[in-house]
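# A look at the structure
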Amino acid sequence: MLWIALTALGVGVVALAVMGMVIAHYVHSYERAKLGKPDPAPAAPHDDDLRDEVARLRGRVATLERLATDGDHRLSAEIDRLSRGEVSSRV
């Protein structure tokens, strides 16, 4: 019976803490809106980083498309060539 009471007490403490955090967030947002200061937007990554990532992913997709559409013979030859350490001029 004691463990039920302690469990209920623990759940109550956690619930009060979560409610306090939610209320504090809304009060903070309300005060910022009242002062005319909107919440700051999250920082966006740089455009150059995004362009580099997109270019890298496009290259990977092109390789995967080529592997998916090529015949078994060509794929086997490509794997053999790569295992010998030869570099392809094609991307």
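First, a word on scope: everything that follows refers to the structure included in this document. (Residues numbered from 1 in each chain as written. Predicted model: local features only at pLDDT ≥ 70, side-chain atom pairs only at ≥ 80, totals over all residues. Heavy atoms only, no water.)

## What to know about the overall build of the protein chain
Condition: Counting from the N terminus, the helices are the DSSP runs of H or I reaching at least four residues and the strands are the DSSP runs of E reaching at least two. Accessible area is worked out with a 1.4 Å probe on protein chains only. A residue is then buried under 20% of its type maximum, exposed over 50%, and partly exposed in between.
Along the backbone of the protein chain there are three helices and zero strands. When the helices and strands of the protein chain are placed in sequence order, the string is α-α-α. Sorting the 91 residues of the protein chain into buried and exposed places 4% on the buried side.

## Focus: helix α1 (residues 2-34)
In an α-helix, one turn spans 3.6 residues, which is why side chains three or four residues apart end up on the same side. Inclusion rule: What a helix should span is 1.5 Å times the count of its residues minus one.
A rise of 1.5 Å per residue sets the reference length of α1, with its 33 residues, at 48 Å; its end C-alpha atoms lie 48 Å apart and thus fit the reference within 8%. At the C-terminal side of α1, G36 shows a positive phi close to 80°.

## A few points about the pattern of salt bridges
The cut-off we apply is this: Take a side-chain nitrogen of Lys or Arg and a carboxyl oxygen of Asp or Glu: if they are within 4 Å of each other, that pair is a salt bridge.
Enumeration over the complete set of coordinates arrives at one salt bridge. With a closest N to O distance of 2.7 Å, E53 and R56 form a salt bridge. Taken as a pair, E53 and R56 lie in helix α2 (residues 47-69) at a separation of three residues, close to a single helical turn.

## Structural notes on a nonpolar patch on the surface
What counts, and what does not: Exposure above 30% relative accessible area and the absence of a salt bridge qualify a residue for a patch, where like charges join within 9 Å and nonpolar side chains (Val, Leu, Ile, Met, Phe, Trp, Tyr) within 5 Å. What sets the accessible areas is the Shrake-Rupley method with a 1.4 Å probe; for residues, cover comes only from the shown protein chains.
On the surface, L2, L6, L9 and V13 cluster together to form a nonpolar patch covering roughly 430 Å² of accessible area. Here V13 is to be found in helix α1.

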